[in-house]
Amino acid sequence: MKQHSARLDGLGVTIFAEMAQLAVTTGAVNLGQGFPDEDGPEEIREAARRAITAGHNQYAPGTGIPALREAIARHQWRFHGLEVDPDTEVVVTTGATEAIAAAVLGLVDPGDDVLVLEPYYDSYRAVIQMAGGRHRPVTLRAPDFRLPVDELRAAVTPRTTAIVLNTPHNPTGSVLTPDELSAVAAIAIEHELVVISDEVYEHLTFGRPHVPIATLPGMAERTLTISSAGKTFSFTGWKVGWATGPAHLVSALFGAKQFLSYTSGTPFQHAVAEALDLPDSFYSSFADGLRRKRDLLCAGLGDVGLGVFVPEGTYFATTDVAPLGFADGLEFCRALPQRVGVVAIPHQVFHDDRPDGSNPGRTLVRWAFCKRDEVLEEALARLRRLTDPV
């Protein structure tokens, strides 16, 4: 009997499931998965309760309820100066992960090459493989994780049809500069590439502002911009995401999406429509609070003796475990829950192994700082035991 399709070959179990299970079985502090341990604003929770009570509990339109599509369009104009038609250029999805999957399935044919920034969120590789495409990584390297423009240009082949862009970048925390974005745009325009831009951390930056690539000349007509409510409002379990872009690309995305979830989360869509209209003070204060948590965790990780790369955005800080004598981040992360009671995520699973067996992320580890201060402090106290004799 057939066990699984070839499109799943080599994908295995996502690292997040493995590490989440380790956290549960060992009682470890979970700094692995990127979810907050506090809920978002009470007024938005109340909006969801009102929507449920009002009877908004059946299927929403496949493209999303009109109120949310209109709120997304207002958001794109308010924060980025992007004008999109809520009826034809916005689609609501079951989280950003579905938006990315539907974009790839709707735009990538078997045999196509798709450029991705490495380290890459693991679902990118998975869905490109499921679509029959081939991911071609372009590596952001420590210590600054800047975009190697020449390598990006060299990675384009006659089969390349798309770039999956991610900024602010998970897991490195790098935010692409205007010059880097301009270089990506020039390559996309020269080679007639579609850009699928994952911008879920758009409001979570610390000093370097996020610039959507769709705002650059010539890019609005070739870019799908993807984001979600989960990271911005601390409701990751609601799984409300969206994509905006030209009607023909949004239509291609929806062509695949309609056969995935079709629709989901009707009362949550109503609540997110209200959340997107929160005042600027909400967005700025949330980012300021995360910056403080970033600084708390990064200082503590440095005190432990790890090599710390302070992020410009996202929920995550990256460290090098080599200064403490560890040569393999995956082995380090698998042993860490039993050894000191903390869970983290190894970078190497977000990189391709090279033919010689090397891996650019071999000793790098990602830590989530979207947690309560006391949780971060407890994790750091436990991590200080790493220097104790084994």
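Note that the structure is predicted; figures quoted are calculated from it, not measured. Here the residue numbering is sequential within each chain, running from 1 through the sequence in written order. It should be noted that, the model being predicted, local features are given only for residues of pLDDT at least 70 and side-chain atom pairs only at 80 or more, the latter also being counted only at that level, while totals for whole chains, interfaces and linings use all residues. As a convention, hydrogens and water are excluded, and side-chain values are obtained from all of the structure's heavy atoms.

Visitor: Can you walk me through the overall build of the protein chain in this structure?
Guide: Strands here are runs of E lasting at least two residues and helices are runs of H or I lasting at least four, both read from the DSSP assignment and numbered beginning at the N terminus. The number of helices and strands found in the protein chain is 13 helices and 13 strands. Our radius of gyration is a C-alpha quantity, and the globule rule it is checked against amounts to 2.2 Å times the number of residues to the power 0.38. Computed over C-alpha atoms, the radius of gyration of the protein chain comes to 21 Å, within 12% of the 21 Å expected from 2.2 N^0.38 for 390 residues, which places it in the range of a compact globule. The buried share of the protein chain, taken over its 390 residues, is 57%. Between two residues, a contact is recorded if the distance between any of their heavy atoms is within 4.5 Å. Summarising the internal contacts of the protein chain: among those between residues at least 6 apart in sequence, 75% fall at separations of at least 24. Using the Shrake-Rupley algorithm and a 1.4 Å probe, accessible areas are obtained, with residue cover drawn only from the displayed protein chains. Carbon and sulfur atoms form 53% of the exposed surface of the protein chain, whose accessible area is close to 15,900 Å². Only protein chains enter the calculation, and the probe is 1.4 Å; a residue is then buried if its accessible area is under 20% of its type maximum, exposed if over 50%, and partly exposed in between.

Visitor: What is the right way to read the domain arrangement of the protein chain from this model?
Guide: Quoted interface sizes are often the accessible area lost when the parts come together. Here the protein chain is described as being made up of domain 1 (6–40 + 281–384) and domain 2 (42–278). A separation of 23 Å is found between the C-alpha centroids of domain 1 and domain 2. Contacts between the two partners involve 39 residues from domain 1 and, on the opposite side, 46 residues from domain 2. Taking both partners together, domain 1 and domain 2 bury about 3,500 Å²; carbon and sulfur atoms supply 59% of that area. Salt bridge, as applied in this entry: a Lys or Arg side-chain nitrogen positioned within 4 Å of an Asp or Glu carboxyl oxygen. There are three salt bridges connecting domain 1 and domain 2. Notably, a salt bridge pairs E312 with R146, separated by 3.4 Å at the nearest N-O pair. Where each domain starts and ends comes from a domain assignment, either automatic or drawn from a database. Computed with a 1.4 Å rolling probe, the buried area is the accessible surface lost when two parts are put together, summed over both parts.

Visitor: What's the story with the packing of helix α4 (residues 95–107) against helix α5 (residues 122–130) in this structure? I'm lost.
Guide: In a pair of packed helices, the angle between the axes and the distance between the axes together describe the arrangement. With axes taken as lines fitted to C-alpha atoms, and helix axes fitted only over the stretch in contact, angles between N-to-C directions fall between 0 and 180 degrees. Between α4 and α5, whose axes approach to 9 Å, the crossing angle comes to 30 degrees. If you check the angle between α4 and α5, you find them roughly parallel. You can see that α4 and α5 cross each other, and the crossing is right-handed. Between α4 and α5, the residues in contact are T97, I100, A101, V104 and L105 and S123, Y124, V127 and I128, respectively. Three classes are used: nonpolar for Ala, Val, Leu, Ile, Met, Phe, Trp, Tyr, Cys and Pro, charged for Asp, Glu, Lys and Arg, and polar for all others, with Gly counted as polar. Residues that form the contact of α4 with α5 fall into these classes: seven nonpolar, two polar and no charged. An angle below 35 degrees is treated as roughly parallel, one above 145 as roughly antiparallel, one from 65 to 115 as roughly perpendicular, and anything else as oblique. By the definition used in this description, the sense in which the near helix is turned from the far one sets the handedness, with an anticlockwise turn below a right angle giving left-handed and a clockwise turn giving right-handed.

Visitor: What's the story with the environment of H203 in this structure? I'm lost.
Guide: Residue placement: H203 occurs in the loop between β6 (194–198) and β7 (223–228). Overall, the relative accessible area of 12% leaves H203 in the buried class. Along the sequence, H203 and F286 sit 83 residues apart, while their C-alpha atoms lie 8.6 Å from each other. If we skip the residues at most four places from it in the chain, H203 touches H75, F79, T232, Y283 and A287. The term polar contact refers here to a pair of N or O atoms within 3.5 Å; inside protein, the definition further demands a hydrogen-donor-capable atom paired with an acceptor-capable atom, and it admits residues adjacent in sequence only when both atoms are side-chain atoms. Of the polar contacts made by the side chain of H203, one reaches the side chain of H75; its length is 2.8 Å.

Visitor: Which parts of the structure should I look at to understand unusual backbone geometry?
Guide: A negative phi angle is the norm for most residues apart from glycine, just as the trans form is the norm for most peptide bonds. With an omega of -10 degrees, the peptide bond between T167 and P168 qualifies as cis. The topology assignment puts P168 in the loop between β5 (160–166) and α7 (178–190). For the bond from N170 to P171, the omega torsion is 20 degrees, close enough to zero to count as cis.

Visitor: Sorry, what's going on with the pairing of strand β4 (residues 134–139) here?
Guide: As a general feature of sheets, a regular strand has side chains that alternate between the two faces. Direction of pairing for strand β3 (residues 113–118) relative to β4: parallel, over a ladder of six bridges. In the sheet register, E118 faces β4, and the bridge partner there is T139. Strand pairing is defined by DSSP finding a minimum of two bridges between the two strands.

Visitor: Quick question: what am I supposed to make of the nonpolar core here?
Guide: Generally speaking, nonpolar side chains in soluble globular proteins are found buried as a group. Of all hydrophobic cores here, the largest spans 73 residues; its most connected members are F332, W367 and L383. Looking at this core, you find at least three residues from each of domain 1 (6–40 + 281–384) and domain 2 (42–278). Aside from chain neighbours lying at most four places away, what touches L383 is L301, V304, L336, V340, V342 and W367. In this text, buried Ala, Val, Leu, Ile, Met, Phe, Trp, Tyr and Cys residues form a nonpolar core when linked through side-chain atoms within 4.5 Å. One finds A47, W238, A271 and Y283 within the second-largest nonpolar core, a separate group that totals 26 residues.

Visitor: What is the right way to look at α4 in this model?
Guide: Take the number of residues in a helix, subtract one, and multiply by 1.5 Å to get its expected span. The first and last C-alpha atoms of α4 sit 19 Å apart over 13 residues, in line with the 18 Å expected at 1.5 Å per residue. Considered for burial, the residues of α4 that qualify are G95, A96, E98, A99, I100, A101, A102, A103 and V104. Structurally, α4 contributes buried residues whose contacts are with β2 (90–93), α5, β6, β7, β8 (241–244) and α9 (247–257).

Visitor: Explain the sheet that holds strand β10 (residues 316–320) to me, please; I cannot follow it from the model alone.
Guide: Consider a sheet: its strands pair through backbone hydrogen bonds, and that pairing is either parallel or antiparallel. Within the open sheet, the four strands sit side by side as β9-β10-β13-β12. Their pairing is antiparallel. Looking at which strands have only one partner, the edges of the open sheet turn out to be β9 (307–309) and β12 (345–346). Bridge count for β9 against β10 is three bridges, and the pairing is antiparallel. Considered in β10, the bridge of G307 is made with D320. Contacts from helix α12 (residues 329–340) reach β12 and β13 (364–368), with the element oriented near 45 degrees to β13.

Visitor: I'm lost on the side chain of T94 in this one. Help?
Guide: Looking at the secondary structure, you find T94 in the loop between β2 and α4. At 2.9 Å, the side chain of T94 forms a polar contact with the side chain of S261. Here the side chain of T94 touches S264 through a polar contact of 2.6 Å, side chain to side chain. T94 has contacts with K239, K257, S261 and S264, leaving out every residue within four places of it along the chain.

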